Amino acid sequence: MTGPVGLGIVGSGFVAEFYLRALAEVRDHEVVALVARSPERGRELADRFGVRDVVASVEELAALADVDIVVVAVPQDAHLDAVTAAAAAGKAVICTKPLGRSGSEAAACLAAVTAAGVWHGYAETAVFSPAVMHAKAMVDAGGIGRVLTVRAREAHGSPHKHAREIARMGGGPLRGLGCHGVAVGRWFLEGATPVEAFAWGDRLDRDDVDSEDNAVLLVRFDDGRVAQVEAGWTHRPGLDNRREIHGSDGWLGVDETGPGALAAFAGQELGYVGEKAGSTRGWLRPVLDEPRTYGYHGQFAHFIESFRAGVAPRQTLADGVIDNAVIDAAYRSMTTGRWEPIDLSGLTAPRAEIVTDAYHRPAEREAR
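The text that follows walks through the structure, step by step, so that each part is easy to find. (Residues numbered from 1 in each chain as written. Predicted model: local features only at pLDDT ≥ 70, side-chain atom pairs only at ≥ 80, totals over all residues. Heavy atoms only, no water.)

## Quick word on the state of the cysteines
Phase 1: A full pass over the atoms with the stated rule returns zero disulfides.
Phase 2: Unpaired in this structure, Cys 95 has its nearest cysteine sulfur neighbour in Cys 109, at a distance of 5.9 Å.
Phase 3: Under the relative-accessibility criterion, Cys 95 is labelled buried at 0%.
Phase 4: Exposure remark for Cys 109: the relative accessible area of 0% places this residue in the buried category. (Disulfide = S-S within 2.5 Å. Buried < 20%, exposed > 50% of the residue type's maximum accessible area, 1.4 Å probe, protein only.)

Put into structure tokens, the structure is as follows:
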């Protein structure tokens, strides 16, 4: 491919805006259109980022001749329809995390792009964070010996309203945030396959959700190594993103939201300070250039480069299937109190049964 890659974005909300902020600093592409439920919101966002068209549906977006890749940037209950429509129109697909509300729904997304024979990428930002990628390069250089275990935590105290609805999300923070930790664990334990999961989760504090608000997951791989994933919605200060990689001859720690280049005391309200900020007044540590810090720049630069070269990217929808299958097993484990096998049949099934209620609420676990 010689010219710029034409992108069409499905969505005009929080994730879409982060994508546009990152893409403004990525080369060799043009965002030509976006899909918006609210024409007013869509037009405002399009004008702010120089996007030509605002359309009402994925089908209308995919019909545009200069859209090469459809970028799905809406909550996961809308992923399957969007991916299916884009693939049916012969368009390449990039889909945000988690790929679906269950492993089966994620597998149906993979089946759609596979049947259509289109290029696809899975927008799992955690493995495109500059700090995480640097840590991986150090691991690959042998700096800490053989990786033995990985610990990944992601938590905050301000879930979006839609994220609190199990029917839309397929779970609570373990689905929406824990997918990052699963992806990080799999990447650093490269070459191993996740085989079983053991998890605890419960609602400890929040009365505005009927899912768990905290969860801990252990993922055992076929070579005996383990990843530990923590996720929660009760970390009031804001985002808490930490990853630890423990090796036979060393250790690496990444704290994406820890003390950085800027510390402040604000005597007055500042307005926006950072994603999921617990306060906009008092002692603050704003995260500088959030899209870059969290991996949005890195993922899109990689996706566009891979698409132009005609090669598969580092994260495809197959990765989204695996991560969702791990979390399905985790939710089963919350109910049974046992290690549960991870079902990876969705990677190869030509058609996947769509099961969107894989989640078991804490109350259901107690009843059993």
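## Quick notes on the environment of Asp 202
Phase 1: As for its position among the elements, Asp 202 is in strand β8 (residues 194-202).
Phase 2: Spatially, the C-alpha atoms of Asp 202 and Asp 213 are 6.1 Å apart, while their sequence positions differ by eleven residues. (Helix = DSSP H or I, 4+ residues; strand = E, 2+ residues; numbered from the N terminus.)

## A short note on the sheet that holds strand β11 (residues 240-247)
Phase 1: Spatially, β12-β11-β7-β10-β9-β8-β15 is the arrangement adopted by the seven strands of the open sheet, whose pairing is mixed. Both edges of this open sheet fall to β12 (250-255) and β15 (340-341), since each of them pairs with a single strand only.
Phase 2: Both strand β7 (residues 147-155) and β11 contribute to a ladder of eight bridges, which runs antiparallel. The residue of β11 that forms the bridge with Ala 152 is Arg 243. (Pairing = 2+ DSSP bridges.)

## A few points about the environment of Gly 346
Phase 1: Looking at the element boundaries, Gly 346 is found in the loop between β15 and α13 (362-367).
Phase 2: Sequence separation between Gly 346 and Ala 107 is 239 residues, and the spatial gap between their C-alpha atoms is 4.9 Å.
Phase 3: Once you skip the residues sitting within four places of it in the chain, Gly 346 turns out to touch Ala 107, Leu 110 and Val 321. (Contact = heavy atoms within 4.5 Å.)

## Quick notes on the nonpolar core
Phase 1: Grouped together as the largest cluster of nonpolar side chains are 69 residues, with contacts concentrated most on Ile 9, Ile 69, Phe 188 and Leu 217.
Phase 2: With eight residues, the single largest contributor to this core is helix α12 (residues 317-336).
Phase 3: Those residues within four positions of Ile 9 in sequence are excluded, and the remaining contacts are Ala 16, Leu 20, Leu 23, Val 31, Ala 33, Leu 34, Val 35, Leu 61, Val 71 and Ala 73.
Phase 4: Listed in part, the 31 residues of the second largest apolar core include Ala 87, Val 93, Cys 109 and Val 321. (Core = buried A, V, L, I, M, F, W, Y, C linked by side-chain atoms within 4.5 Å.)

## Remarks on the environment of Val 31
Phase 1: One can find Val 31 in strand β2 (residues 29-35).
Phase 2: A residue is classified by how much of its surface remains accessible, and Val 31, at 10% relative accessible area, is buried.
Phase 3: Sequence separation of Val 31 and Val 67 is 36 residues, and the distance between their C-alpha atoms is 8.3 Å.

## Details of the packing of aromatic side chains
We describe a pair of aromatic rings using the distance from one ring centre to the other and the angle between the two ring planes.
Phase 1: Tallying each qualifying case throughout the model produces ten aromatic pairs.
Phase 2: On the basis of an interplanar angle of 65° and a centroid distance of 5.2 Å, the ring pair of Phe 18 and Tyr 296 is categorised as edge-to-face. You can see Phe 18 sitting in helix α1 (residues 14-23) and its partner Tyr 296 sitting in helix α11 (residues 296-309), a full 278 residues away along the chain.
Phase 3: Since its relative accessible area comes to 10%, Tyr 296 is described here as buried.
Phase 4: Between the aromatic rings of Trp 119 and Phe 303, the centroid separation amounts to 6.2 Å while the plane-to-plane angle is 90°, which identifies the pairing as edge-to-face. Remark: Phe 303 occurs in helix α11 and Trp 119 occurs in the loop between α5 (103-116) and β6 (120-123); sequence separation between them is 184 residues. The two residues Trp 119 and Phe 303 agree in class, both being buried.
Phase 5: Feature note: the residues Phe 14, Phe 18, Tyr 19, Trp 119, Phe 128, Tyr 296, Phe 300, Phe 303 and Phe 307 constitute an aromatic cluster, connected by ring pairs.
Phase 6: A cation over a ring is seen here: Arg 21 above Phe 18, with NZ or CZ 4.8 Å from the ring centre. (Phe/Tyr/Trp six-rings, centres within 6.5 Å; stacked < 30°, edge-to-face > 60°. Lys NZ or Arg CZ within 6 Å of the ring centre and 35° of its normal.)

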